[in-house]
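Chain by chain, the residues run as shown.
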Amino acid sequence: MNEHELQDAVNRLPKSIEPPRDLWPEIQARLGTRAGSPSWQRRWYWVPLAAAAVLVFLLIARAERSAWDVTALAGRPLIGTKRLAASGRLHVGDWLQTDDSSRALIAVGRIGQVEVRPDSRVQLVVARTTEHRLALARGTIDAKVDAVPRLFFVETPAGTAIDLGCAYTLETDSLGKGLLHVTAGEVEFQTGSRSSRVPLGTLMQIRPATGPGIPYVDDAPAPFVRAVVAFDLEQRGTRARATRSVLALARAQDAISLWHLLQRVDVPLRGMVYDRLAALVPPPAGVTRRATIALESRALEGYWTKIQRIHFRMMVLRGVREIDPRTGVAKP
Amino acid sequence: MPPPDDLVARAQAGDQTAFRELYREHAGRVYALCLRLTGDGRDAEERTQDVFVRLWDKLSSFRGESAFSSWLHRLAVNVVLNERRTTGRRERRVMPAEDPDNVAGAQHAAPLHGSGLSIDLERAIADLPDGAREVFVLYDIEGYGHGEIAQLVGIAEGTSKAQLFRARRLLREKLER
C-alpha cells in the first residue's frame, strides 16, 4: 500500500461512529450531581453566594482533612476505645483495631483504600494530600492505591512500605517479621539505607533486624525460595554457601532476585553473582561488568530497567503469551 | 427538531432537554474522535461522557464566533489529551510503551465499525503507539495542522511531523501484511 492509497482509505473512514450503548443516562446522572446549570453561572448574584459557599467548604475541608473515612466490613472494629458501628472517621493519631472476627475498610484520602484484616492494629500518622501515612503495628492489610509514586506509606516495626502506584498485601507481627506480596505496580520497602524493589507478582520476607529481604517471583520453585530465605537469615561473612545455593537454583525468571542479591553479597562474591545474572538475562547496552560490580547507580538502574520491563511483560501476559524471560520478547 | 442554534441557546439557559438533543446530535462525532484518539472502546465511552459533562460546564462561554460543532470538537480534543496527560505516566509505569509486543491491540472493548479495509485501518490505527496515533488522527483524519497539534499535545512541531511519518509507515506495514 502506498501513501496515496492510505490517504484514500483514511478519507473513506466514517466521521461519526455511534457509541455501542446509550451514554446519556450516565451523563445525565453526572450532571445531576453538579451544582448548577450554565445559566446560573451567568447571573452575577451567584458570585458572592458562591464565594461564601467556597469559604465554608474550605473551612470544613480544612477541619476534615486530617481524617479518613472508615467502614466496618465485618464485626465491630475499634477506633481508639469506641466501637465502630457501620462507618466513622479515623483522625490523625487514632488507632484502628480489629479482633479475630472484624474487618474494616479505610479510604486513603482520595487516592485509594486499605482493607484491614482481622487481628490487626493500624494508626493514621499523616493525612495530607502530599503524604498519606499509616503505621501497621501488627496484622495484615490489603492496600490499593491509584496515585503518583511516593504518596502513600505504611510503617511497620521493621521498615516502611513506599507505594509506587500499586496494590499489595502486607503482613507483620509486632516485632517486624512479615511478608509483602505485590499484585499490581511496584512497592519499595525501606529500612534505614537498605531497600528492596518489589514489583507485581513478587513476594518479599521482612525481618526485624535486617528489614527487607530479597524479593522472589510468586511462582518460584520452593527450593529457590528456601535458598533466598536462608540467605536473608545468614549473617554477613557467612553467606558464601547460601549465595551459591541461590545462584545454582536461579532461572532467568528470577533475575529480580539476583539483581538484589548482587547488592547484598560481600564484595568478593559480586563477580560470581553478576556472571550468573548476565548469563540468565544479558545486561543492556552500556551496562558493564565493572560498573555493575562497583554498584554504580547508573549501571544498576540500567540493568533494573531491563529486568523490570521483562518481568512486567511476563506478568501482564501470563497465561496469554509465552514470553522469553531472557529478552521479554514473545515466543512464536 | 429545533434549529441547532436554538438548541445551544436553550441549553445555555439550563434546559437539559435541549442539552440531551445536542448530545444526540453530536455523540457520534465525539465518540468517533475519542475512540480513535484513545484506541480503546471503554476509554472512548468514558471520554465521551467527560466531554459532554465538560460541555455543560463550558457552554456559557460559547459566543458563536465559530460553528458550534467545531467548538465542541476542539473541546473534545482537549478533554481527551488532558486526560491522557494526567494518566499517561501511571500507565507507562505498568506497561512500558516502547515494548515491542504491547498488548494494547487486544484491549478493544467496542466493536469496530465499517467494513473490509476500513475495519483493518481502524484496528491498525488503534494499535499505533499513543503518540503516533494522536498525531495521525488529528492531522490525517481531523485536519489539524502541525502547529496546532504541537500546541494541543505539548510537543515540538518537528516531533509532530516525525510522529506522523512514523504512524503512516506503521499503518502501511500493517495493512500490507
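What counts, and where the lines are drawn
Residues numbered from 1 in each chain as written. Chains lettered and ligands numbered in written order. Predicted model: local features only at pLDDT ≥ 70, side-chain atom pairs only at ≥ 80, totals over all residues. Heavy atoms only, no water. Helix = DSSP H or I, 4+ residues; strand = E, 2+ residues; numbered from the N terminus. Buried < 20%, exposed > 50% of the residue type's maximum accessible area, 1.4 Å probe, protein only. Contact = heavy atoms within 4.5 Å. Areas by Shrake-Rupley, 256 points an atom, 1.4 Å probe, with all protein chains shown as cover. Axes fitted to C-alpha atoms, helices over the stretch in contact; angles between N-to-C directions. Parallel < 35°, antiparallel > 145°, perpendicular 65-115°, else oblique. Left-handed = near helix turned anticlockwise from the far one by under 90°. Nonpolar A, V, L, I, M, F, W, Y, C, P; charged D, E, K, R; others polar. Expected span 1.5 Å × (residues − 1). Bend = angle between axes of the 7 residues up to and from the residue. 1 Å grid on protein atoms, 1.4 Å probe; cavity = no way out; pocket = protein on both sides within 12 Å on 5 of 7 lines; lining within 4 Å. Points joined across faces, edges and corners; volume = space filled by probe spheres on them. Polar contact = N/O pair within 3.5 Å; in protein donor to acceptor, adjacent residues only side chain to side chain. Salt bridge = Lys/Arg side-chain N within 4 Å of Asp/Glu carboxyl O. Phe/Tyr/Trp six-rings, centres within 6.5 Å; stacked < 30°, edge-to-face > 60°. Lys NZ or Arg CZ within 6 Å of the ring centre and 35° of its normal.

Asker: What is the right way to read the overall build of chain A from this model?
Answerer: A count of helical and extended segments in chain A gives 10 helices and 18 strands. Looking at the 332 residues of chain A, the share that counts as buried comes to 46%. Across chain A, every contact between residues at least 6 apart in sequence was considered, and the portion connecting residues at least 24 apart equals 44%. Approximately 16,400 Å² of chain A is accessible, and the part contributed by carbon and sulfur atoms is 55%.

Asker: Quick question: what am I supposed to make of the overall build of chain B here?
Answerer: A tally of regular secondary structure across chain B gives eight helices and zero strands. The order of helices and strands in chain B, counted from the N terminus, is α-α-α-α-α-α-α-α. The burial tally for chain B puts 49% of its 177 residues in the buried class. Taking all contacts inside chain B whose residues are at least 6 apart in sequence as the whole, residues at least 24 apart take part in 59%. Looking at chain B as shown, the accessible area adds up to about 8,100 Å², and 47% of this sits on carbon and sulfur atoms.

Asker: Help me understand the packing of helix 2 (residues 24-32) of chain A against helix 3 (residues 41-58) of chain B, please; the structure alone is not making it clear to me.
Answerer: Any two packed helices are characterised by the angle at which their axes cross and by the distance between the axes. Packing of helix 2 of chain A against helix 3 of chain B brings their axes to within 10 Å, and their N-to-C directions diverge by 40 degrees. Put simply, helix 2 of chain A runs oblique to helix 3 of chain B. Considering only the axes of helix 2 of chain A and helix 3 of chain B, their crossing is right-handed. Contacts between helix 2 of chain A and helix 3 of chain B pair E26, I27, R30 and L31 of chain A from the former with E46, Q49, D50, F52, V53 and W56 of chain B from the latter. Split by residue class, the contact of helix 2 of chain A with helix 3 of chain B holds five nonpolar, one polar and four charged.

Asker: Please explain helix 2 (residues 16-38) of chain B as it appears in this structure.
Answerer: Note that an α-helix has 3.6 residues per turn; residues three or four places apart therefore point the same way. All names here are of chain B. Compared with an ideal rise of 1.5 Å per residue, which puts 23 residues at 33 Å, helix 2 spans 28 Å between its outermost C-alpha atoms and falls more than 12% short. By the largest-angle criterion, H26 marks the main kink of helix 2, which is about 55 degrees. Trailing helix 2 by a residue or two, G39 shows a phi angle of about 75 degrees, which is positive.

Asker: It is not clear to me how empty space enclosed by the protein should be interpreted in this structure. Could you clarify?
Answerer: With a probe scaled to a water molecule rolled over the atoms, the places where space remains empty come into view. All names here are of chain A. Under the criterion given, the structure shown has two cavities of 30 Å³ or more. Counted as a void, the second largest cavity has a volume near 60 Å³. For the second largest cavity, the full set of lining residues is A252, Q253, A255, I256, V281, I307, I310, H311, M314 and P325. If you list the elements that add at least two residues to the lining of the second largest cavity, you get helix 7 (255-264) and helix 10 (297-316). The element that contributes the greatest number of residues to the lining of the second largest cavity is helix 10, accounting for four residues. Class assignment of the residues belonging to the lining of the second largest cavity gives a composition of eight nonpolar, two polar and no charged.

Asker: It is not clear to me how the side chain of D40 of chain B should be interpreted in this structure. Could you clarify?
Answerer: Residues and elements named next belong to chain B. Inspection of the secondary structure assignment puts D40 in the loop between helix 2 and helix 3. Side-chain polar atoms of D40 contact the backbone nitrogen of R42, separated by 3.0 Å. Engagement of the side chain of D40 in a polar contact is seen with the backbone nitrogen of D43, the distance being 3.0 Å.

Asker: It is not clear to me how the pattern of salt bridges should be interpreted in this structure. Could you clarify?
Answerer: Side-chain pairing between opposite charges can occur once the charged atoms of the two side chains come close. Tallied over the full model, the rule gives 25 salt bridges over all chains. Taking the shortest distance from any N to any O, the salt bridge between R117 of chain A and D142 of chain A comes out at 2.8 Å. Taken together, the positions of R117 of chain A in the loop between strand 7 (112-116) and strand 8 (121-127) and D142 of chain A in strand 9 (residues 132-145) put the pair 25 residues apart, joining distant regions of the chain. Salt bridges here are not isolated pairs; linked through shared partners, they connect R30 of chain A together with E46, R47 and D50 of chain B.

Asker: Can you help me understand the environment of Q12 of chain B in this one?
Answerer: Residue and element names in this part refer to chain B. Note that Q12 resides in helix 1 (residues 4-12). Along the backbone, Q12 and F62 are 50 residues apart, and their C-alpha atoms lie at a distance of 8.7 Å. Separated by 2.8 Å, the side chain of Q12 and the backbone oxygen of L59 make a polar contact.

Asker: Which parts of the structure should I look at to understand the packing of aromatic side chains?
Answerer: Centre-to-centre distance and the angle between the planes together describe a pair of aromatic rings. All names here are of chain A. Evaluated as defined, the whole model comprises nine aromatic pairs over all chains. Ring geometry for Y274 against Y303: centres 6.3 Å apart, planes inclined by 70 degrees, an arrangement best described as edge-to-face. Of this pair, Y274 sits in helix 8 (residues 267-280) while Y303 is found in helix 10, placing the two residues 29 residues apart along the sequence. On the accessibility criterion, Y274 (6% relative accessible area) is buried. Y303 gets classed as buried once you look at its relative accessible area, which sits at 1%. For R133, the ring lying beneath its charged end belongs to F153, and the centroid distance is 4.4 Å. We note R239 situated over the ring of F231; from NZ or CZ to the ring centre the distance is 4.7 Å.

Everything listed here is a matter of geometry and, on its own, says nothing about what the molecule does.
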